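# Remarks on the overall topology
The primary structure of each chain is shown beneath.
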Amino acid sequence: MSIAVVEPGQAVRLSVPVAAGSVPGRCKIAWKMVDENGVLFYPASALRPIYFDVAAVP
């Protein structure tokens with residue numbers, strides 16, 4: 001996903017579609033951000049991405 005130029009301190013709202021699995025259950029989505037050169041930007045440590053829990057319920 002590309003994001004327009006953002007000034008320091010400026011907020012940006014992102015919307016990312018996620019498709020649920022075909023069976024009920026839970027999964028985790030790991031999120032990392034990179035700069036235009038593909039260099040890890042956020043979170044600063046590659047070992048600790050931001051996680052989102054997703055629950056697919058019947």
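So, here's what we can say about the structure. (Residues numbered from 1 in each chain as written. Predicted model: local features only at pLDDT ≥ 70, side-chain atom pairs only at ≥ 80, totals over all residues. Heavy atoms only, no water.)

## A look at the layout of surface pockets
Under the convention used in this document: Grid spacing is 1 Å over the protein atoms alone, the probe is 1.4 Å, and a cavity is where that probe fits but cannot get out, while a pocket is an open set with protein on both sides within 12 Å along at least five of seven lines and lining residues have an atom within 4 Å of a point. Grid points are joined across faces, edges and corners, and a volume is the space filled by probe spheres set on the points. Every helix listed is a DSSP run of H or I at least four residues long, and every strand listed is a run of E at least two residues long, numbered separately from the N terminus. Here the term charged refers only to Asp, Glu, Lys and Arg, the term nonpolar to Ala, Val, Leu, Ile, Met, Phe, Trp, Tyr, Cys and Pro, and the term polar to all other amino acids, Gly among them.
Quantified by volume, the largest pocket comes out at close to 550 Å³. What lines the largest pocket is a set of 17 residues, among which I3, M33, V34, D35 and F41 lie closest to the centre. Each pocket or cavity is described by its volume, and for the second largest pocket that value is around 170 Å³. Looking at the lining of the second largest pocket, the elements that each hand over two or more residues are β1 (25-31) and β4 (50-56). Here the lining of the second largest pocket gets three residues from one element, more than from any other, and that element is β4. Taken together, the residues of the lining of the second largest pocket sort by class into eight nonpolar, no polar and no charged.

## Overview of the packing of aromatic side chains
Under the convention used in this document: Note on aromatic contacts: the rings of Phe and Tyr and the six-membered ring of Trp form a pair at centre separations within 6.5 Å, being stacked when their planes are under 30 degrees apart, edge-to-face when over 60 apart, and tilted otherwise. Only lysine NZ and arginine CZ atoms are considered, and such an atom sits over a ring when it is within 6 Å of the ring centre and within 35 degrees of the ring normal.
A complete count under the given rule lists zero aromatic pairs for this structure. Here the guanidinium or amino end of K28 rests over the ring plane of Y51, the centre of that ring lying 5.5 Å away.

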